[in-house]
Protein chains: 2
Amino acid sequence: MNNQTWWKWGDPDKSFHLNSYPKLRNFLEHTWNKKLIDDFRPTFIFEKIAKETFSVNQFKDIFPNLKLNQFSNTKNERLKFALGKSYFDVIRVFTDDVVSAPDFVLSPNTEGEVYYILQQCEIHGISVITFSGGSNVTGAFNHKKQGVTCTLNLRKLNRLLEIDTVSNTATFEAGIMGPELEKLLNEKGFTLGHFPQSFEYSALGGWIATRSAGQESGLYGKIEDMVLGLTVVAPRGIITNEDYPKHASGIDIHPLFMGSEGTLGVITKAKVKISTIPKKYKWIVAIFKDFNMGTKAVQELVQAGVHPAICRLSDPMETKMLSFFSRSENTGIKKIIQDFYKKRLKSQGFGEPSILMLRFAIKNEADEAIVKMAKKIIKTFDSKLLPSNISADWESNRFSLPYLRDTLIEHRVLIDTFETVAYWKNLTPLYNSVSVALKATSNFFDKGGILFCHISHSYETGASLYFTIIAPQELDNEVAQWKKIKSVVSEAIITNNGAISHHHGVGKDHKKWYLQKLGIESRLLLQAIKAHLDPKDILNPGSLFDEVKEIKQD
Amino acid sequence: MNNQTWWKWGDPDKSFHLNSYPKLRNFLEHTWNKKLIDDFRPTFIFEKIAKETFSVNQFKDIFPNLKLNQFSNTKNERLKFALGKSYFDVIRVFTDDVVSAPDFVLSPNTEGEVYYILQQCEIHGISVITFSGGSNVTGAFNHKKQGVTCTLNLRKLNRLLEIDTVSNTATFEAGIMGPELEKLLNEKGFTLGHFPQSFEYSALGGWIATRSAGQESGLYGKIEDMVLGLTVVAPRGIITNEDYPKHASGIDIHPLFMGSEGTLGVITKAKVKISTIPKKYKWIVAIFKDFNMGTKAVQELVQAGVHPAICRLSDPMETKMLSFFSRSENTGIKKIIQDFYKKRLKSQGFGEPSILMLRFAIKNEADEAIVKMAKKIIKTFDSKLLPSNISADWESNRFSLPYLRDTLIEHRVLIDTFETVAYWKNLTPLYNSVSVALKATSNFFDKGGILFCHISHSYETGASLYFTIIAPQELDNEVAQWKKIKSVVSEAIITNNGAISHHHGVGKDHKKWYLQKLGIESRLLLQAIKAHLDPKDILNPGSLFDEVKEIKQD
């Protein structure tokens with residue numbers, strides 16, 4: 001990767017120019033009445049990063065037990081670990097904004113080395129930021145430049161330690177990346193079933209530390225539902241316990257580390273529930289007259305015990321946008337819907353439909369019965385079933401939208417996502433609140449901003465909403481523009497009974513709203529736990545509930 | 001209730017003499033070759049309890065904000081709160097063993113009063129034991145007589161605060177008892193689905209504090225799976241947070257209080273997931289040639305996605321015993337099995353069968369398909385389906401076995417249960433280990449001891465085992481006899497990868513084995529949490545991870 005593309009998502013060969021998305025290009029140019037030009041390039045913030053802030057000799061002095069090849073202090077390397085993959089991360093690369101790179105990077109090979117590193121960092125007052133996949137989108141790696149900071153790169157802790165094909169469990173080191181983990185399980189006929197959009201570039205430990213949800217959480221659960229046991233290395237010691245399928249042997253402390261985002265310890269091992277690979281999948285694709293009707297249908301489905309692996313209900317605007325994300329002119333969702341539109345649906349009230357895509361894992365005849373029942377329920381909501389191959393388009397792109405994000409930024413387009421979760425009772429007001437809040441600011445819809453949303457994960461008690469916004473960038477004001485929108489949407493979410501995150505986490509970007517909702521006694525409790533496990537406050541200082549020596553996102 | 005029956009389980013009208021269980025009586029008398037006589041009666045340990053250790057005036061001084069009718073210091077009342085409902089609890093009543101009654105009992109009406117009581121107790125160094133249903137079977141209420149101890153009776157905190165029939169959630173005060181909770185939900189067409197054997201005499205807060213499992217956990221989950229939010233009153237403050245169906249807003253602290261057994265705070269409110277009441281139920285009853293074959297079938301069922309509400313696989317000895325628990329001669333499990341036996345099954349290898357009872361909640365056609373699939377799977381394990389009405393016998397007795405326990409004690413019979421959970425891989429060795437361990441002691445099988453077991457709760461990754469033992473009491477050595485057996489079985493369980501409890505909890509009776517399995521760093525962490533929430537160590541001192549100023553069960 002060269003200097004110009006290091007900030008991009010994923011594999012350069014999977015990235016396409018905006019010309020490869022002719023429908024999207026046309027739509028945006030038409031909407032905004034201007035040509036999109038790819039003239040936006042990262043400034044070389046390399047120059048802003050001091051050449052060397054932590055020397056090889058310092059490394060040798062403080063970490064005599066590590067090998068030199070486990071250490072890195074070059075500008076290039078440090079920059080790779082300085083940022084996650086959010087719009088805010090990327091836009092700062094383009095706008096010469098300040099980025100705090102770590103002073104050095106260490107790559108432990110063993111759990112023992114992790115403990116050793118924490119011990120030495122504690123003695124020498126070095127802050128530690130844990131990094132595995134690096135795909136975080138909430139500013140997890142941002143830090144205040146204060147003292148010396150080390151990034152702990154867990155990528156080498158990537159082994160499958162045990163697979164128990166009788167009990168359907170597997171134990172991995174936490175730095176293992178999604179595809180490698182699935183490959184190892186698939187070889188034995190199993191899957192973890194955790195497929196976040198970041199799947200290809202995220203790791204097990206990161207999923208757990210952020211309470212991640214995969215696209216198939218309807219069937220497999222969120223990552224916290226899959227974890228049976230953890231080993232966590234804290235400055236205070238190595239926390240490990242015997243694990244059981246379920247138990248009543250006192251308090252289960254594992255949940256404490258799920259969502260702890262590197263503040264309480266480094267997750268080094270995890271035992272997870274695994275499942276046999278489904279024989280096949282079946283899709284149901286339906287359209288509803290509006291989002292509200294579709295929402296009611298999804299609620300009825302999950303409350304009736306229908307739990308498709310994937311359940312995505314797009315609002316009318318997203319339904320329209322989905323077809324633009326396809327790289328070809330003549331296939332995809334739009335074409336099929338158009339065929340329906342033109343022939344008969346528009347006159348029947350489906351002029352601006354809301355599309356629902358359900359994917360069912362079929363292992364047996366009961367699963368087939370579930371699919372039938374789902375269709376029956378869906379029909380009662382005044383809907384139309386569409387050919388299920390429509391979903392192939394979504395499926396082939398399920399991990400590729402982050403590439404398009406980068407392409408759009410190069411064309412001076414702001415694109416970001418916001419996700420939340422709420423009880424069914426609160427879902428529609430929450431959904432409405434975001435557009436109302438954006439309307440109340442003069443900077444979004446007025447300037448051509450596009451907002452759309454889908455229900456991404458559904459539960460008996462509620463569902464998550466996943467909003468996307470697209471807008472022309474305000475030139476020379478890109479960072480402030482994003483901060484403003486982020487603030488407006490986040491405010492709307494938390495004041496309308498939504499969680500500040502359903503599956504991305506808190507990081508630094510959500511901290512303000514997270515703290516508004518965290519009860520004071522809970523915060524004091526979490527701080528007490530932190531003080532016990534990490535008394536010198538070296539782990540991701542200033543994160544989550546941690547003392548706010550107010551962190552400015554500069 | 002008079003002095004002789006206050007120690008008994010439940011409603012005196014539901015208690016029957018051993019003569020009402022002729023099959024059981026005959027079986028035991030035949031096995032032990034002696035007549036069972038109901039000549040065993042509690043000694044009046046009332047006399048051992050000092051008349052008054054905490055006066056009304058002391059109450060008025062320390063708790064001026066409470067009303068006199070919220071206070072009790074009479075012998076009678078204190079004794080009622082001194083014990084749970086385990087064999088160990090009851091046998092001490094019979095044998096003049098020392099029981100530590102609390103010095104007084106307080107009954108708060110509000111969460112605010114709970115906080116007030118904890119504040120005053122902290123100032124005055126009074127220990128607090130939380131009590132709601134009182135059906136604990138692990139010695140939770142035992143305490144070392146040291147300083148002044150108050151029992152906090154939560155029974156008046158019993159209101160339904162909110163029911164959300166859109167999101168399927170309900171918020172209750174934690175002292176509400178099982179039947180009242182179900183009644184309130186049933187009126188709206190809902191159920192919590194939590195039916196432990198103690199259902200009629202246990203409360204929501206107790207279920208949560210002990211990580212309880214109901215008989216229908218296969219469908220509804222364990223109590224910790226149902227909790228969406230909690231309010232917990234600790235000496236340090238009132239812990240309350242906004243709750244969501246699922247989230248990634250940092251660490252979820254609610255799990256910390258599940259299984260905390262009164263050591264970290266008093267659970268005063270809980271928001272739980274509720275479900276619509278099933279339209280009907282279907283039973284499948286099958287027999288297998290042995291327990292191992294049945295175990296394999298249950299494993300295949302749950303791993304194939306079949307989750308019956310109830311799933312009980314009894315080993316051959318329990319299969320035989322089940323029919324003895326019926327009060328009539330000519331109905332019940334035994335009769336039906338016998339009909340099968342005599343006619344054809346014995347010659348086919350079902351001489352000592354293992355019975356499986358499955359209850360499915362039927363809400364829709366997919367549930368019907370699940371039942372069909374279950375039958376198909378079961379048949380592949382060389383089994384026979386029995387008439388499903390056989391289960392009526394079990395069902396009508398599902399909450400009544402504790403009554404029989406008391407009756408047996410009056411006839412000088414030791415009866416106790418042990419429960420554990422393990423991964424499937426470890427389940428058969430764990431099952432075998434208990435009988436092996438009991439064989440190795442000269443005091444159990446040699447003296448006519450009877451051991452039987454069933455799988456009570458099943459998961460994709462493992463299952464729980466529920467052992468029952470019945471033996472003639474060793475006269476004048478009853479407590480020591482129980483302690484010996486308890487120790488032998490518990491040792492076998494934890495050295496064979498079983499949890500010391502799947503759903504009863506730790507209490508004081510399991511503390512020794514719980515601590516053997518608790519990692520040292522976890523213990524230190526839990527102690528740090530305790531020190532923060534309860535700095536003066538007034539809540540259930542000496543429980544769980546707490547400093548062991550070694551508690552002798554005297």
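Not measured: the values here are computed from a predicted model.

## Overview of the overall build of chain A
(1) Moving on: The helix and strand tally for chain A stands at 19 helices and 18 strands.
(2) Moving on: In terms of overall dimensions, chain A is globule-like: its C-alpha atoms have a radius of gyration of 24 Å, near the 24 Å expected for 554 residues.
(3) Moving on: C-alpha atoms of chain A, sized along the principal axes, occupy 75 × 55 × 45 Å.
(4) Moving on: Scored against the burial criterion, the 554 residues of chain A give a buried share of 65%.
(5) Moving on: Taking all contacts inside chain A whose residues are at least 6 apart in sequence as the whole, residues at least 24 apart take part in 76%.
(6) Moving on: A total accessible area of about 19800 Å² is found for chain A, and carbon and sulfur atoms account for 51% of it.

## Brief notes about the relation of the copies chain A and chain B
(1) Moving on: The transform that puts chain A on chain B rotates by 180 degrees and translates by 0.0 Å along the axis, for an RMSD of 0.0 Å. What we have between these two chains is a two-fold relation.
(2) Moving on: Taken as a fraction of all interface residues of chain A, those also at the interface in chain B reach 100%, which identifies the copy contact as same-surface.

## Concerning the nonpolar core
(1) Moving on: Grouped together as the largest cluster of nonpolar side chains are 226 residues, with contacts concentrated most on Leu204, Phe257 and Ile529 of chain A together with Leu204, Phe257 and Ile529 of chain B.
(2) Moving on: Ignoring any residue separated from it by four or fewer positions in sequence, one finds Phe257 of chain B in contact with Leu525 of chain A together with Ile208, Ala209, Leu230, Val232, Ile239, Leu264, Ile267 and Leu533 of chain B.

## Looking at the pattern of salt bridges
Residue and element names in this part refer to chain A.
(1) Moving on: Within this structure, the stated rule accounts for 60 salt bridges over all chains.
(2) Moving on: Glu368 serves as the salt-bridge partner of Lys282, at 2.7 Å between the closest nitrogen and oxygen. In this pair, Lys282 is assigned in strand E12 (residues 280-288) and Glu368 in helix H13 (residues 365-379), connecting sequence segments 86 residues apart.
(3) Moving on: Taking the relative accessible area as the measure of exposure, Lys282 reaches 32% and is therefore partly exposed.
(4) Moving on: What makes Glu368 partly exposed here is its relative accessible area of 24%.

## Some remarks on the interface of chain A and chain B
(1) Moving on: Each partner contributes to the interface: chain A provides 84 residues, whereas chain B provides 84 residues.
(2) Moving on: Taken as a group, Lys246, Ile251 and Tyr423 of chain A account for 12% of the area that chain A buries against chain B, more than any other trio of residues on that side.
(3) Moving on: Linking chain A with chain B are ten salt bridges.
(4) Moving on: A salt bridge links Lys517 of chain A to Glu242 of chain B; the nearest nitrogen and oxygen atoms lie 2.8 Å apart.
(5) Moving on: In this assembly, chain A and chain B are joined by 34 residue pairs in polar contact (both at pLDDT 80 or more).

## Digging into the environment of Gly133 of chain A
(1) Moving on: Tracing the backbone shows Gly133 of chain A in the loop between strand E3 (126-131) and strand E4 (148-153).
(2) Moving on: Between the alpha carbons of Gly133 of chain A and Ser396 of chain A there is a distance of 22 Å; along the sequence they are 263 residues apart.

## Some points on the environment of Leu157 of chain A
Residue and element names in this part refer to chain A.
(1) Moving on: Mapping Leu157 onto the fold places it in the loop between E4 and strand E5 (160-164).
(2) Moving on: Between the C-alpha atom of Leu157 and that of Ala174, which follows or precedes it by 17 residues, the distance is 6.4 Å.
(3) Moving on: Apart from the residues lying within four places of it in its own chain, the contact partners of Leu157 are Pro108, Asn109, Thr110, Glu111, Val114, Glu173, Ala174, Gly175, Ile176 and Thr268.

## Details of the side chain of Glu261 of chain A
(1) Moving on: On the secondary structure map, Glu261 of chain A appears in the loop between strand E9 (237-240) and strand E10 (266-273).
(2) Moving on: Those residues within four positions of Glu261 of chain A in sequence are excluded, and the remaining contacts are Ala209, Thr210, Gly505, Val506, Gly507, Asn540 and Leu544 of chain A together with Ala248 of chain B.

## Describing helix H4 (residues 87-94) of chain B
Residue and element names in this part refer to chain B.
(1) Moving on: In terms of burial, H4 is a largely internal element, eight of the eight residues being buried.
(2) Moving on: When we look at burial in H4, the residues that qualify are Tyr87, Phe88, Asp89, Val90, Ile91, Arg92, Val93 and Phe94.
(3) Moving on: Its buried side turned inward, H4 meets helix H15 (401-410), strand E16 (413-423) and helix H17 (478-495).
(4) Moving on: Two to three positions downstream of the cap, the backbone nitrogen of Phe88 sits 3.2 Å from a side-chain oxygen, assigning the N-cap of H4 to Ser86.
(5) Moving on: Phi for Asp96, located one or two positions after H4, is positive at around 65 degrees.

## Side note on the packing of helix H4 (residues 87-94) of chain A against helix H15 (residues 401-410) of chain A
Residue and element names in this part refer to chain A.
(1) Moving on: The interhelical angle for the contact between H4 and H15, taken along N-to-C directions, is 35 degrees, at an axis separation of 11 Å. Two packed elements cross with a definite hand, and for H4 against H15 that hand is right-handed. Residues Tyr87, Val90 and Phe94 of H4 touch H15, and the partners they reach there are Arg405, Asp406, Ile409 and Glu410.
(2) Moving on: The residue makeup of the contact of H4 with H15, split by class, is four nonpolar, no polar and three charged.

## A few points about the sheet that holds strand E10 (residues 266-273) of chain B
All names here are of chain B.
(1) Moving on: With antiparallel pairing, the five strands of this open sheet are ordered in space as E5-E6-E10-E8-E9. One side of each edge strand has no neighbouring strand; the edge strands of this open sheet are strand E5 (160-164) and strand E9 (237-240). Geometrically, the sheet is characterised by an average inter-axis angle of 10 degrees between neighbouring strands, direction not taken into account.
(2) Moving on: Pairing between E5 and strand E6 (residues 169-173): four bridges, direction antiparallel. Note on E6: the bridge partner recorded for Glu162 is Thr171.

## Section: the sheet that holds strand E15 (residues 384-386) of chain B
Strands in a sheet are paired, the pairing made by backbone hydrogen bonds, and the direction either parallel or antiparallel.
Residue and element names in this part refer to chain B.
(1) Moving on: Strand order in the open sheet formed by seven strands is E15-E12-E14-E13-E17-E18-E16, with antiparallel pairing between adjacent strands. Looking at the sheet topology across the chains shown, the edges are occupied by E15 and E16. Neighbouring strand axes in the sheet, compared pairwise and without regard to direction, differ in orientation by 20 degrees on average.
(2) Moving on: Pairing geometry for E16 and strand E18 (residues 462-472), over eleven bridges, is antiparallel. Each residue of the ladder has a partner; that of Asp416, found in E18, is Ile469.
(3) Moving on: Packing against the sheet, helix H16 (residues 424-440) makes contact with E16, strand E17 (450-458) and E18, and its axis sits at approximately 10 degrees to E18.

## Digging into unusual backbone geometry
(1) Moving on: At Asn33 of chain B, a residue that is not glycine, the phi angle is positive and equals roughly 55 degrees.
(2) Moving on: Structurally, Asn33 of chain B can be placed in the loop between helix H1 (22-32) and helix H2 (56-62).

## With respect to the packing of aromatic side chains
(1) Moving on: Under the definition given, this model contains 38 aromatic pairs over all chains.
(2) Moving on: Feature note: the residues Phe54, Phe59, Phe63, Phe71 and Phe104 of chain A constitute an aromatic cluster, connected by ring pairs.

## Examining the pairing of strand E3 (residues 126-131) of chain B
If a strand is regular, its side chains alternate between the two faces of the sheet.
Residue and element names in this part refer to chain B.
(1) Moving on: Counting buried positions along E3 yields five of six residues, so the element is predominantly enclosed.
(2) Moving on: Bridge count for E3 against strand E4 (residues 148-153) is six bridges, and the pairing is parallel. Among the inter-strand pairings, Val128 is bridged to a residue of E4, identified as Cys150.

## Notes on the confidence of the model for chain A
Residues and elements named next belong to chain A.
(1) Moving on: For chain A, per-residue confidence averages 92 on the pLDDT scale, and residues scoring 70 or more make up 94% of the total.
(2) Moving on: Note on residues 549-554: pLDDT is under 50 here. Beyond four places in sequence and across chains, it has 13 contacts.
(3) Moving on: Of the two predicted TM-score estimates for the complex, the pTM is 0.95 and the ipTM is 0.95.

## Some points on the packing of H13 of chain A against helix H13 (residues 365-379) of chain B
(1) Moving on: In the contact formed by H13 of chain A and H13 of chain B, the axes pass within 8 Å of each other and the chain directions differ by 175 degrees. When the axis of H13 of chain A is compared with that of H13 of chain B, the two are roughly antiparallel. Residues Glu365, Ala366, Ala369, Ile370, Met373 and Lys376 of chain A of H13 of chain A lie in contact with H13 of chain B, whose contacting residues are Glu365, Ala366, Ala369, Ile370, Met373 and Lys376 of chain B.
(2) Moving on: Looking at side-chain class alone, the contact of H13 of chain A with H13 of chain B contains eight nonpolar, no polar and four charged residues.

## Points about the state of the cysteines
Residue and element names in this part refer to chain B.
(1) Moving on: Applying the stated criterion across every chain yields a total of zero disulfides over all chains.
(2) Moving on: Between Cys121, a free cysteine, and Cys150, which holds the nearest cysteine sulfur, the sulfur-to-sulfur gap is 4.7 Å.
(3) Moving on: For Cys121, a relative accessible area of 0% puts it in the buried group.

## Some remarks on H15 of chain B
Residues and elements named next belong to chain B.
(1) Moving on: In terms of burial, H15 is a largely internal element, nine of the ten residues being buried.
(2) Moving on: Along H15, the residues classified as buried are Pro402, Tyr403, Leu404, Arg405, Asp406, Thr407, Leu408, Ile409 and Glu410.
(3) Moving on: Remark: Arg412 follows H15 within two positions and exhibits a positive phi of approximately 60 degrees.

## Details of the pairing of strand E12 (residues 280-288) of chain B
(1) Moving on: Where E12 of chain B and strand E14 (residues 354-362) of chain B come together, nine bridges link them in antiparallel fashion. Paired with Trp283 of chain B across the strands is Arg359 of chain B, a residue of E14 of chain B.

Reading the values: rules and limits
- Chains are numbered independently. Their residues run from 1 in the order of the written sequence.
- All chains are assigned letters beginning with A, and all ligands numbers beginning with 1, in the order in which they are written.
- This being a predicted model, a pLDDT of at least 70 is required before a residue's local features are given, and a value of 80 or more before pairs of side-chain atoms are given or counted; all residues contribute to the totals for chains, interfaces and linings.
- Just so you know, side-chain values use all the structure's heavy atoms and leave hydrogens and water out.
- Going along the chain from the N terminus, every DSSP run of H or I of four or more residues is numbered as a helix, and every run of E of two or more is numbered as a strand.
- It is over C-alpha atoms that the radius of gyration is taken, and the globule rule equals 2.2 Å times the number of residues to the power 0.38.
- The buried label applies to any residue whose accessible area, calculated with a 1.4 Å probe on protein chains only, is under 20% of its type's maximum; exposed applies above 50%, and partly exposed to all values in between.
- In what follows, a contact means two residues having at least one pair of non-hydrogen atoms within 4.5 Å.
- To measure how exposed things are, a 1.4 Å probe is used in the Shrake-Rupley method; for residues, cover is taken only from the protein chains shown.
- For this overlay, a least-squares fit was computed on C-alpha atoms, restricted to residues scoring pLDDT of at least 70 in both copies.
- Buried residues of nine kinds, namely Ala, Val, Leu, Ile, Met, Phe, Trp, Tyr and Cys, make up a nonpolar core once their side-chain atoms join them within 4.5 Å.
- By convention in these notes, a salt bridge is any Lys or Arg side-chain nitrogen within 4 Å of a carboxyl oxygen on Asp or Glu.
- Here's the idea: put two parts together, see how much 1.4 Å probe accessible area each one loses, and the total over both is what we call buried area.
- Here a polar contact means two N or O atoms within 3.5 Å. Within protein one must be a hydrogen donor candidate and the other an acceptor candidate, and residues neighboring in sequence count only if both atoms are side-chain atoms.
- Simply put, an axis is a line fit to the C-alpha atoms, just over the touching stretch for a helix, and the angle between two N-to-C directions goes from 0 to 180 degrees.
- Left-handed describes a crossing whose near helix is turned anticlockwise from the far helix through less than a right angle; right-handed describes the clockwise counterpart.
- Gly is placed with the polar residues, together with every amino acid not listed as nonpolar (Ala, Val, Leu, Ile, Met, Phe, Trp, Tyr, Cys and Pro) or charged (Asp, Glu, Lys and Arg).
- Note on pairing: DSSP must find at least two bridges between two strands before they are called paired.
- Side-chain rings of Phe, Tyr and Trp (the six-membered ring for Trp) are treated as a pair once their centres are within 6.5 Å; stacked means planes under 30 degrees apart, edge-to-face means over 60, and tilted covers the remaining angles.
- Confidence of the prediction at every residue is given by pLDDT, a number between 0 and 100.
- Orientation categories follow fixed angle ranges, with anything under 35 degrees roughly parallel, anything over 145 roughly antiparallel, 65 to 115 roughly perpendicular, and all other angles oblique.
- When two cysteine sulfur atoms lie within 2.5 Å, the pair is treated as a disulfide.

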